[in-house]
Amino acid sequence: MNDLRTAGRGQATSTGAWPAVVLTGPTAAGKTALAIHLAERGPFDVISVDSAMIYRGMDIGTAKPDPEVLARVPHALVDICDPAQAYSAGRFVEDALGAMERSRRVGRVPLLIGGTALYLKALQRGLAPLPTADGEMRARLDAQALTEGWPALHRELAGVDPAAAARIHPNDAQRIQRALEVWHLTGTPLSVLQDATEAPSRAYTYLKYAVMPADRATLHERIEQRLAQMLAAGLVEEVAELFARGDLNERMPSMRSVNYRQYWRHLKGEHSAAQAGEAAVQATRQLAKRQLTWLRADSAICWLDSDSPSRYTSLMEKVESALEEHQV
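For clarity, every value in this text was computed on a predicted model and none was experimentally measured.

Caption draft 1: Up close: the overall build of the protein chain. If you tally the helices and strands in the protein chain, you get 14 helices and six strands. Judged by the C-alpha coordinates and their principal axes, the protein chain covers about 60 × 45 × 35 Å. Across the 328 residues in the protein chain, those meeting the buried criterion constitute 47%. Long-range pairs, those at least 24 residues apart, make up 77% of the contacts in the protein chain between residues at least 6 apart in sequence.

This is the structure we're talking about:
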């Protein structure tokens, strides 16, 4: 196999679009190690596609690469926001395309790593022209959920937007709320608005790879093991520092992130540490299930077994072949 470091000569691709490698998969599947291995051996610039890693001070609970790794292999779009700041999929598309363009200009290949489906979808297919958040509407939906429960609101969503409801878990409060908010504000189902979109840029072609253990039981074991490692590394203490700031609350997108949401409630006295851990594991499993459902619907993705001893070599060979086909 040729050394990938000889690639990246800045030639035009055979399709007229510059290649961007996407390395995705469910949470805890082993994406980061593969991406770093690839980035150290080829003309790649890593761009994070993770809606939690954007926040500073949220390191342990997001499984963010440690500072030594980030110094060796810089990741764009990591540590770009304070947890109190809002960050949208639209801003992600803008930031990601900017980072991708900087790579393309010097003949290098963007390597997009992460499992935030909304971000990946927005980058490839575009964003619908949706209304901005409405505080009054959200407060009304929150009050309704408090008395009826989010599964009841999910059933309401299924009545007005069955396509969106089919994609959203009955306990995914944030997405249920947004879908109902869009319906009430526009009178048009969120799924209809999302389908009427165009790609934000045709300058790139996406070479997509996803990693997953051979069976789901192994992934579940890794999720439990990773939480144990996070706790040993100081996850509770990290959440406690954020809790003590006084300017954050559990309704903010940052604090809704898996692990932070569960241990925030523990610090509020709503759960014991053991209950928070069980809730975090369950929420992570649900996240992985949603990610897998979305990814398996994309026939363009090439799947890799993250348990295979040859996974590093296999990925490099596949990426090298794809880049040669695109004349990079």
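Caption draft 2: Region of the structure containing the nonpolar core. Phe92, Met100, Leu111, Leu112 and Leu123 are the most contacted members of the largest nonpolar core, which totals 69 residues. A total of seven residues in this core trace back to one element, the largest contributor, which is helix 3 (residues 89–105). If we ignore the near neighbours within four places in the chain, the residues touching Met100 are Ala20, Ile47, Pro110, Leu112, Leu123, Tyr204 and Tyr206.

Caption draft 3: A look at the sheet that holds strand 6 (residues 302–305). The six strands are arranged 3-2-4-1-5-6 in an open sheet whose pairing can be described as parallel. Both edges of this open sheet fall to strand 3 (75–76) and strand 6, since each of them pairs with a single strand only. Sheet analysis places strand 2 (residues 44–48) next to strand 4 (residues 109–113), joined by five bridges and oriented parallel. Within the sheet, the bridge partner assigned to Val46 lies in strand 4 and is Leu111. Docked against the sheet, helix 1 (residues 31–39) engages strand 1 (18–24), strand 2, strand 3, strand 4 and strand 5 (204–212), running at close to 165 degrees with respect to strand 4.

Caption draft 4: Seen up close, the side chain of His154. Residue position: His154 is located in helix 6 (residues 150–160). Excluding anything up to four places from it in sequence, His154 contacts Ala165, Ile168, His169, Pro170 and Ile176.

Caption draft 5: Molecular detail of empty space enclosed by the protein. Summed over all chains, the structure comprises one cavity of 30 Å³ or more. Only strand 1, helix 4 (117–125) and helix 13 (273–296) provide two or more residues apiece to the lining of the largest cavity. Here the lining of the largest cavity is composed, by residue class, of five nonpolar, two polar and two charged.

Caption draft 6: Looking closely at the pattern of salt bridges. For the structure shown, the criterion picks out 21 salt bridges. Close ionic contact of Arg245 with Asp82 constitutes a salt bridge, the shortest N to O distance being 2.8 Å. Separated by 163 residues along the polypeptide, Arg245 in helix 11 (residues 235–245) and Asp82 in the loop between strand 3 and helix 3 bring together distant segments of the chain. Classification of Arg245 by relative accessible area gives partly exposed; the value is 36%.

Caption draft 7: Quick look at the packing of aromatic side chains. Within this structure, the stated rule accounts for three aromatic pairs. What links up through ring pairs into an aromatic cluster is the set Tyr87, Phe92 and Tyr119. A cation over a ring is seen here: Arg296 above Trp303, with NZ or CZ 6.0 Å from the ring centre.

Caption draft 8: How the structure looks around helix 8 (residues 173–186). Under the 1.5 Å per step criterion, the end-to-end length of helix 8 is 20 Å for 14 residues, consistent within 8% with the ideal 20 Å. Contacts made by the buried residues of helix 8 are with helix 5 (135–148), helix 6 and helix 9 (190–195). Positioned one or two residues after helix 8, Gly187 has a phi angle of 75 degrees, which is positive.

Caption draft 9: Just the environment of Asp59, in detail. Mapped onto the secondary structure, Asp59 falls in the loop between strand 2 and helix 2 (67–72). Assessed through its relative accessible area of 34%, Asp59 is described here as partly exposed. Between the C-alpha atom of Asp59 and that of Pro189, which follows or precedes it by 130 residues, the distance is 36 Å. In contact with Asp59, not counting residues within four places along its chain, are Lys64, Asp79, Glu238 and Tyr260.

Caption draft 10: Quick peek at the packing of helix 6 against helix 8. For the pair helix 6 and helix 8, interaxial distance at closest approach is 10 Å and the crossing angle is 40 degrees. The angle between helix 6 and helix 8 falls in the class oblique. For the element pair helix 6 and helix 8, the recorded crossing hand is left-handed. In contact with Trp150, Leu153, His154, Glu156, Leu157 and Val160 of helix 6, helix 8 contributes Ala173, Ile176, Gln177, Ala179, Leu180, Trp183 and His184. The residue inventory of the contact of helix 6 with helix 8, partitioned by class, reads nine nonpolar, three polar and one charged.

Definitions and cut-offs
Residues numbered from 1 in each chain as written. Predicted model: local features only at pLDDT ≥ 70, side-chain atom pairs only at ≥ 80, totals over all residues. Heavy atoms only, no water. Helix = DSSP H or I, 4+ residues; strand = E, 2+ residues; numbered from the N terminus. Buried < 20%, exposed > 50% of the residue type's maximum accessible area, 1.4 Å probe, protein only. Contact = heavy atoms within 4.5 Å. Core = buried A, V, L, I, M, F, W, Y, C linked by side-chain atoms within 4.5 Å. Pairing = 2+ DSSP bridges. Axes fitted to C-alpha atoms, helices over the stretch in contact; angles between N-to-C directions. 1 Å grid on protein atoms, 1.4 Å probe; cavity = no way out; pocket = protein on both sides within 12 Å on 5 of 7 lines; lining within 4 Å. Points joined across faces, edges and corners; volume = space filled by probe spheres on them. Nonpolar A, V, L, I, M, F, W, Y, C, P; charged D, E, K, R; others polar. Salt bridge = Lys/Arg side-chain N within 4 Å of Asp/Glu carboxyl O. Phe/Tyr/Trp six-rings, centres within 6.5 Å; stacked < 30°, edge-to-face > 60°. Lys NZ or Arg CZ within 6 Å of the ring centre and 35° of its normal. Expected span 1.5 Å × (residues − 1). Parallel < 35°, antiparallel > 145°, perpendicular 65-115°, else oblique. Left-handed = near helix turned anticlockwise from the far one by under 90°.

These results come straight from atomic positions and should not be treated as a statement about function.
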